[in-house]
Amino acid sequence: AKTPIAELLNISMEQKVEPTAVEDKWNFWVFSLSTHAFLNGEKLRNSYSLWGNFSASRVTPELKVRLGISNSLSKDSFIVDDEEIKSYSRSGSFSGMVVKSINEHWSIGGWVNIRSSTYDNIKLSFSPAPAIEFNVFPYSQSTRRQLRILYLIGFISAKYREETIYDKTSERLLKEALSVTLELKEKWGSISTTLEGSHFFHDFNKNRLEFFTDISLRIFKGLSLNIFGSYSRIHDQLSLPKA
């Protein structure tokens, strides 16, 4: 290898080696179950909250499937002038996403969300949406770096618990959203940043702009500095109760 004839040599293998198929007894499905409980009590006030989440995902080079179910319940009670005042809050949601890879950069898919929330004055909402995504970096590098541009246009059917500030008890709307997400994992740390904007078609003034960033800087092995920040401009709270 250190002689002048090194450039004239070529080493090859006569037998062609085929890729070995990966065997997974779970068929690439990953399941996650989490729960959270909070209790607090004083002489004139007590509260509790319960939260649970179940998710399932299956990610292969050709297809990505993500499903999730969550539910929460909270109660607060106060004693004011010997009178007990109670407040309840309940919410639940189901979300599902299926994404098909077209090539190393493009993918298409669909997304659906079903939710109910007393806090958001939503009795039931149903939101299906087709989506298309472009990744500037090849998907083969997705474990290390991604720069995704996602566009979706969806239909929303909502029934409200109380009449809203716009005199609605239910409505059906069209909405579009565009988001840009940067995710990097390097030796010095990681970055996850998303900028997303959306609006309703019936009134372009009903819109929102949101920015999130999470940065982890590795100072040395075993010690990292985490920085989180967010900014939002919200102008599309259509479900606010009139009362």
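You'll find the structure just up there.
Basis of the calculations
Residues numbered from 1 in each chain as written. Predicted model: local features only at pLDDT ≥ 70, side-chain atom pairs only at ≥ 80, totals over all residues. Heavy atoms only, no water. Helix = DSSP H or I, 4+ residues; strand = E, 2+ residues; numbered from the N terminus. Rg over C-alpha atoms; globule rule 2.2 N^0.38 Å. Buried < 20%, exposed > 50% of the residue type's maximum accessible area, 1.4 Å probe, protein only. Contact = heavy atoms within 4.5 Å. Areas by Shrake-Rupley, 256 points an atom, 1.4 Å probe, with all protein chains shown as cover. Lys, Arg positive; Asp, Glu negative; His and termini not counted. Charge placed at Lys NZ, Arg CZ, Asp CG, Glu CD. Pairing = 2+ DSSP bridges. Core = buried A, V, L, I, M, F, W, Y, C linked by side-chain atoms within 4.5 Å. Axes fitted to C-alpha atoms, helices over the stretch in contact; angles between N-to-C directions.

Asker: I'd like a rundown of the overall build of the protein chain, residues and numbers included.
Answerer: Across its full length, the protein chain carries zero helices and eleven strands. Listing the helices and strands of the protein chain from first to last along the sequence gives β-β-β-β-β-β-β-β-β-β-β. Radius of gyration (C-alpha) of the protein chain: 25 Å, far over the 18 Å computed for a compact globule of 243 residues. With the C-alpha coordinates of the protein chain rotated into their principal frame, the extents come out at 95 × 45 × 35 Å. Relative to its full complement of 243 residues, the protein chain shows a buried share of 23%. Long-range pairs, those at least 24 residues apart, make up 46% of the contacts in the protein chain with a sequence separation of at least 6. As presented, the protein chain carries roughly 17600 Å² of accessible surface, and 59% of it is formed by carbon and sulfur atoms. Charged side chains of the protein chain number 30 positive and 27 negative; the gap between the two group centres comes to 3 Å.

Asker: Quick one: what's the story with the pairing of strand S6 (residues 122-135), residue by residue and with numbers?
Answerer: When strand S5 (residues 106-117) meets S6, the two strands line up antiparallel, connected through eleven bridges. The residue of S6 that forms the bridge with Asn113 is Ser127. Two elements, S6 and strand S7 (residues 145-160), share nine bridges in a ladder whose sense is antiparallel. Of the residues in S7, the one forming a bridge with Ile132 is Tyr151.

Asker: Talk me through the nonpolar core; I want residue IDs and the actual numbers.
Answerer: Ile122, Ile156, Ala158, Tyr160, Leu173, Phe200 and Leu238 together form the largest nonpolar core, which totals seven residues. The biggest single contributor to this core is S7, with three residues.

Asker: Please provide a residue-by-residue account of the sheet that holds strand S11 (residues 223-234), values included.
Answerer: Overall, antiparallel pairing links the eleven strands, which are arranged S1-S2-S3-S4-S5-S6-S7-S8-S9-S10-S11 in an open sheet. The open sheet has two edge strands with one neighbour each: strand S1 (29-41) and S11. Within this sheet the neighbouring strands show an average axis-to-axis angle of 10 degrees, counted without direction. In this structure, S1 lies alongside strand S2 (residues 45-59), joined through 13 bridges in antiparallel fashion. Across the sheet, Val30 pairs through a bridge with Ser57, a residue of S2.

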